[in-house]
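# Descriptive analysis of the structure
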Amino acid sequence: MRATITTAILLGCLLALCGCGGGPSYAGGPTEEEPHALIVTGEDVSVWKIDGWDTYTRQGALYVEPGTRSLWLRVANPIEFEGEAHRWEKAYKVRVEAGRAYTIYRGESDFPPWPVVFEDYRR
């Protein structure tokens, strides 16, 4: 009997978590059902704010309202970099269109601040 109750509780929690997948990435942002662009971060870049709003998920895929957006990024330095700071932060303006997906990642350079590469591809 105890195993059945535990299993039911775990299944309920799992279903609740699965239902939250299409929610907005930031306050006032679009959901999966609303018109949106998708920004996917590389492992060295995280998005901390979109249009001044804190993001709920800083890495991975973020739903973004179409138009010109202001992103606050945190970019990690490469492991081999021997400077004091291990990351830097920067505001970055992008223009995104509904139905498109974009990747954002740290580019190559000999010294910081590292370039941020923003590429789009159709979904």
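Read on for a plain summary of the structure. Keep in mind that what you see is a predicted model, and the values were worked out from it rather than measured.

### Looking at the overall build of the protein chain
When its secondary structure is counted, the protein chain shows one helix and eight strands. Reading the protein chain from its N terminus to its C terminus gives the helix and strand order α-β-β-β-β-β-β-β-β. Across the 123 residues that make up the protein chain, the buried fraction comes to 33%. With the model as given, the accessible surface of the protein chain reaches about 8,100 Å², and the carbon-plus-sulfur share is 57%.

### Quick notes on the pairing of strand 1 (residues 37–41)
The element strand 1 is largely enclosed, with a buried count of four among its five residues. Of the pairings in the sheet, the one linking strand 1 to strand 4 (residues 61–64) comprises four bridges and is antiparallel in character. In the strand pairing of strand 4, Val-40 is matched with Ala-61.

### Some remarks on the nonpolar core
Counting residues in each nonpolar core, the largest one holds 19 residues, and the members touching the most others are Ile-39, Leu-71, Leu-73, Val-75, Val-96, Ile-104 and Val-116. Elements with a minimum of two residues in this core: strand 1, strand 2 (45–50), strand 4, strand 5 (67–76), strand 6 (87–96) and strand 7 (100–106). By residue number, the principal contributor to this core is strand 6, which donates four residues. Once residues lying within four places of it in the same chain are set aside, the contact partners of Ile-104 are Ile-39, Val-40, Thr-41, Gly-42, Val-45, Leu-71, Leu-73, Tyr-92, Val-116, Val-117 and Phe-118.

### Re unusual backbone geometry
The phi dihedral of Asp-51 falls on the positive side, at around 50 degrees, and the residue is not glycine. Mapped onto the fold, Asp-51 is located in the loop between strand 2 and strand 3 (53–54).

### Some details on the sheet that holds strand 6
Pairing is antiparallel across the open sheet formed by four strands, whose spatial order is 3-2-5-6. Looking along the sheet, the strands with just one partner apiece sit at the ends: strand 3 and strand 6.

### Overview of the pattern of salt bridges
With the rule as written, the count across this model stands at six salt bridges. The shortest N-O distance in the salt bridge between Asp-44 and Arg-106 comes to 3.1 Å. Of this pair, Asp-44 sits in the loop between strand 1 and strand 2 while Arg-106 sits in strand 7, placing them 62 residues apart in sequence. The class for Asp-44 is partly exposed, based on a relative accessible area of 23%. Accessibility expressed as a relative area gives 15% for Arg-106, which makes it buried. Put simply, Asp-51 and Arg-69 hold a salt bridge, and the shortest N to O gap is 2.8 Å. Residue Asp-51 is found in the loop between strand 2 and strand 3, and its partner Arg-69 is found in strand 5; the two are separated by 18 residues along the sequence. By sharing partners, the salt bridges in this structure join Asp-51, Glu-65 and Arg-69 into a single network.

Cut-offs and rules
Note on numbering: residues in each chain are counted from 1, in written sequence order. Given that the model is predicted, a residue must reach a pLDDT of at least 70 before its local features are reported, and side-chain atom pairs must reach 80 or more before they are shown or counted; all residues, however, enter totals for whole chains, interfaces and linings. Derived side-chain values reflect all non-hydrogen atoms in the structure, with water molecules and hydrogen atoms excluded from consideration. Helix numbering and strand numbering both begin at the N terminus, where a helix is a DSSP run of H or I of at least 4 residues and a strand a DSSP run of E of at least 2. Buried, partly exposed and exposed residues are distinguished by accessible area as a fraction of the type maximum, computed with a 1.4 Å probe on protein chains only: under 20%, between the cut-offs, and over 50%, respectively. Each accessible area is a Shrake-Rupley result for a 1.4 Å probe, and residues are judged covered by the shown protein chains and nothing else. Strand pairing follows a simple DSSP-based rule, namely that at least 2 bridges must link the two strands. What we call a nonpolar core is a set of buried Ala, Val, Leu, Ile, Met, Phe, Trp, Tyr and Cys residues that are connected through their side-chain atoms within 4.5 Å. Working rule for contacts: check all heavy atoms of both residues, and any pair within 4.5 Å makes them a contact. One speaks of a salt bridge when a side-chain nitrogen belonging to Lys or Arg is within 4 Å of a carboxyl oxygen belonging to Asp or Glu.

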